Amino acid sequence: MLRNDLPASTAPAQRSLTVRQSLLPAVGLCVLVLCIALSLALGSRPLPLSTVLDALLGSGAGHGRDADADVVTGLRVPRTIIGLVVGAALGVAGAVAQGITRNPLASPTTLGINAGASFAVVTAIYALHLTRPVEYVWFAIAGAAATALAAQAMARRAGDLDPTRLALGGTVLAAVLTSWTSALMLTSRRTLDEARFWLAGSLAGRGLDVLTPVLPLIVLGLALAFAVAPALNALALGDESAQALGVPVTRIRVLGGLAVVLLAAGAVAVAGPVAFVGLAAPHLVRLVLGPDHRRLLPGCLIAGPILLLAADVLGRVVVRPSELEVGIVTAFLGAPLLAVLARRAAR
Amino acid sequence: MTVLPVARRAARHRTLLLCAAALAALVALTALGLSSGQASMPAGTALRALVGLGDPGDVLVVQQFRAPRVFAALIAGAALAVSGSLLQRLFRNPLASPDVVGVTGGASFGAVLLLATGASQLLTPLAALGGGLLAALALGAFARRSRVAVGSLVLVGLAVQAGLAAAVNLMIVRFPAELASSALQWTTGSLYGSTWPEVWAGGGAVAAVLTAAFLHSRRLSVLDLGEESAGALGLTPARARLHLLLLTIALASLAAALSGPVGFVALAVPHLVRFLAGPPTPATLALTALTGGVLLLGADLIVLHLLPVHGLPVGAMTATLGAPWLLVLMIRRPAADRSTP
Amino acid sequence: MTTLATATRNELATHRLALRYGSRTVVDGLDLTLPGGAVTAIVGPNACGKSTLLRGLTRLLDPAAGTVTLDGSDVHRMPARTLARRMGLLPQQPVTPEAITVESLVRLGRYPHQRMLSPWSAADQAAVEEALTRTGTAELRDQPVDRLSGGQRQRAWIALTLAQDTELLLLDEPTTFLDLRHQLEVLDLVAELNTDAGRTVVMVLHDLGQAARYADHLVVLHEGRLAAAGPPAEVLDAALVEAVFEVPCQVVPDPETGTPLVVPRARARRPTTH
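Remember, predicted model here, so these are calculated numbers, not experimental data.

**Topic: the overall build of chain C**
Of regular secondary structure, chain C possesses 9 helices and 12 strands. Within the span of chain C, comprising 274 residues, buried residues form 52% of the whole. Restricting to contacts in chain C with at least 6 residues of sequence separation, those with at least 24 account for 64%. On chain C, roughly 12,100 Å² of surface is accessible, and the fraction owed to carbon and sulfur atoms is 49%. Between the centroid of the 27 positive side chains of chain C and the centroid of its 32 negative side chains there is a distance of 5 Å.

Right, dumping it as structure tokens:
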């Protein structure tokens, strides 16, 4: 009956969608490779691609490892890898967060995760006088996880997980923690000075050692996210329809929530709270690939890193020789992007 | 006068009772706010000092320092709460707050930019008001020109908000620590340095807009019925929605001018009221305004008098004060059962 | 401005009406007269433009071309409120505000009769009481609408349109989602409103038999154009149904009422409509 209601004119649209769907992964991957190349080549000291390749392949060994090669392997390679991982985690986390809450505004931010991590890190800076991102990692993970679990616990009732309450609970917790974070920073000038850079969200000044503790979390989170993807499609029809289709709604929501926590906690621990990638990536992918989560999640796996790396590269270029924190760039970039998306969605 | 049916009467009764309680709390907090401080005095003395009677020293303290701050808190709290309530209904989104129409970002940006130029701090409220209004109006113009649906407008609003927040963040990161601190202080929302001109101008404007909002409450109820029914009942939904949106923008911008973009009041008070008093009516709108005032003033008094640290902005306390209530109510009542008292 | 030269007959008419969603034309060049004082049923296959037509008639959708007139004056140029006092609409899927009670819902029907500051009047209350009584929802008045059964909810919504106190009522598939008893209840109520209160009713229906039973005037739409219009007994025949719905059938007299009854051929593919 639903099919009959569709006007005949959707047939060509359907076809163009499938054409897009088969072409786009390839296009997406090309763009991603381009972003990776740019991320390796561009910086306060721009390097030709050949130098980058030499450095990567170690073939520059003839004239000894020079400063350029050190920049590439020592700074830009770790930075790019971190960007890839964080971007992927954020993109997928956003898609799952929107799926389980059925709210297009949901993102790791609304579930309180970034606020939790920020508060824990700023507290650590305040109380323990920490100064290096690698020291923040465990605090960020703990803060993020504790907040997200608290939000889920509040939204649970009689074994049911109400998506509106989940989003509301997360937002409320985020508001509380953010205000405490501000309070800490306003009481201690030293904390403000240390924390404001971390809070802006950045990929700079981190080695791969930052990634080691969070990689298992992110891998587990991705696995969970992909496992619940088909069920998220059913969830989009509403709880009752999903239940009728045999989907254990609450369990999916809990598992999905866990995936979001793992991914977002991992991402924020590495790069600080980078806003917007988690919100924008799923909307972007949905626009071209449609709402099916089985395509949406892989799409976000590519779109998230593209957004994050592109933003990071841009941040290195625009105010050379200084650079902009990636979190600031994503927000600047994401804003018009989201506006365009909204406009296209209106058509 | 027609006899109201039982349940309606009960609901109205309950709302009136809650209004009375909120009003009592408001009066008590006002008295407390006027009387306590470094030179604390009995509430009666403080109230007389407010109208210029009694010891000249008391009069000076109450009239010049305490009263403007107390009234600024009440006005800003009421404006924020009502704007949040209207926004949540207009957008049919329980998470809507002045963030989604760009007001928070615009006001913060305006004020921090002014701080950056080193201009007089007395101009900050105007910069905030201007920034908030400009951001929201730009958003409205965009939505109108490109015929964006209401649901998508939230996305555009968040986009504007994020962009402006990024600009503010950038300034905070780049500023010298001293300036960064005052920028953060202001964007958290603070009532330090409220003055009588601000209170009179802001209060008058907020009162006017609130009156308009009350006059629109019937339209709002009709809008709740959805596009088609509202149209069939003689409302032009797009226009009505635009009018109401302008009201919320004005309220939120005025509040931002008075107190900075204090978080949480606009988000939480509508939910609190809905949990306590049930579905929206004009009476619950009044309750929303009162509760907003109580929350902001209460938070400010705690910041001023109860915290061991001095100089914290009120925005650091609203969420802490309001969240437990909201969370308890949320946990205690199932979602479907908010309606019947 | 819109003082009526002719008497109010509550006659809706369209002249070369075209309705579009974006670039998609749904209704094209429609000339139609819906007689005042009668019950008109609009029928047609899915996506033939029935609901769109109803939206065009109530000015929820501006015409791309042509006009809609009510007793000769252009509906799309009338002040919204004036029109709302003459014409009510029950949408196909009305939006029920969260936790609203039946009476609060019905009271909203008085909106076009109130001014910004006017208090709730005795006339308003009387209209609400009458609407509640007529639809049998008076004893449900304090119940939240979102907890009612489908039939009760539909009656509450009809009560809202009745409280609007218009001489013309437009109903978009008022029987969808209802079981047989509640379908008949709603249709009987419509018939009663027409005979007792003299209201003009225009409704979109899916069931041809019900349309033939309850309507004085039948409008058959097909792909945005008028396929046939007139009294059901004259209009509804096997050739038309086969042409419009692509269902081979025979049309026999309804054993109860004598109105035409469409009986699809056996072993033919059945339409998946309800």
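**Remarks on the pattern of salt bridges**
Side-chain pairing between opposite charges can occur once the charged atoms of the two side chains come close. Residues and elements named next belong to chain B. Counted by the stated rule, this structure contains 26 salt bridges over all chains. Between aspartate 224 and arginine 89 there is a salt bridge, with its nearest N and O atoms 2.6 Å apart. Placement of the pair is aspartate 224 in the loop between helix H9 (217–223) and helix H10 (227–232) and arginine 89 in helix H3 (residues 56–91), with a sequence separation of 135 residues. Under the relative-accessibility criterion, aspartate 224 is labelled buried at 10%.

**Quick notes on helix H11 (residues 237–259) of chain B**
Think of an α-helix as 3.6 residues a turn; residues three or four steps apart then line up on the same face. All names here are of chain B. Over its 23 residues, H11 extends 33 Å from the first C-alpha to the last, a length consistent with the 33 Å expected when each residue adds 1.5 Å. Taking burial as the measure, the 23 residues of H11 include 17 buried ones, the bulk of the element. In the segment just after H11, glycine 260 is the residue with positive phi, at about 75°.

**So, the confidence of the model for chain C**
Residue and element names in this part refer to chain C. Model confidence for chain C is summarised by a mean pLDDT of 88, while 94% of its residues fall at 70 or above. Confidence over residues 1–6 falls short of pLDDT 50; this stretch has 5 contacts with residues more than four positions distant or in other chains. Across the predicted assembly, pTM comes out at 0.83 and ipTM at 0.85.

**Examining unusual backbone geometry**
Unlike most non-glycine residues, glutamate 173 of chain C shows phi in positive territory, near 45°. A residue is classified by how much of its surface remains accessible, and glutamate 173 of chain C, at 7% relative accessible area, is buried.

What counts and how
- Here the residue numbers are simple positions, counted from 1 along each chain's written sequence.
- Here chains are named by letter from A upward and ligands by number from 1 upward, in the order in which they appear as written.
- Where local features are concerned, this predicted model is filtered to residues with pLDDT of at least 70; where side-chain atom pairs are given and counted, the filter is 80 or more; whole-chain, interface and lining totals use all residues.
- In computing side-chain properties, one takes all heavy atoms of the structure into account and sets aside hydrogens as well as water.
- Per the convention used, a helix needs a DSSP run of H or I reaching at least four residues, while a strand needs a run of E reaching at least two, with both numbered from the N terminus.
- When a residue's accessible area, from a 1.4 Å probe over protein chains only, is under 20% of the maximum for its type it is buried; when over 50% it is exposed; and in between it is partly exposed.
- Whether two residues touch is decided by their heavy atoms; if any such pair falls within 4.5 Å, the residues are in contact.
- Surface accessibility in these figures is a Shrake-Rupley result with a 1.4 Å probe; residues are shielded only by whichever protein chains are displayed.
- His is not counted here, nor are the chain ends, while Lys and Arg score as positive and Asp and Glu score as negative.
- Think of each charge as sitting on NZ of Lys, CZ of Arg, CG of Asp or CD of Glu.
- Salt bridge, as used here: a side-chain nitrogen of Lys or Arg that lies within 4 Å of a carboxyl oxygen of Asp or Glu.
- Each helix should span, by expectation, one fewer than its residue count multiplied by 1.5 Å.
- As a per-residue measure, pLDDT reflects the predictor's confidence and takes values from 0 up to 100.

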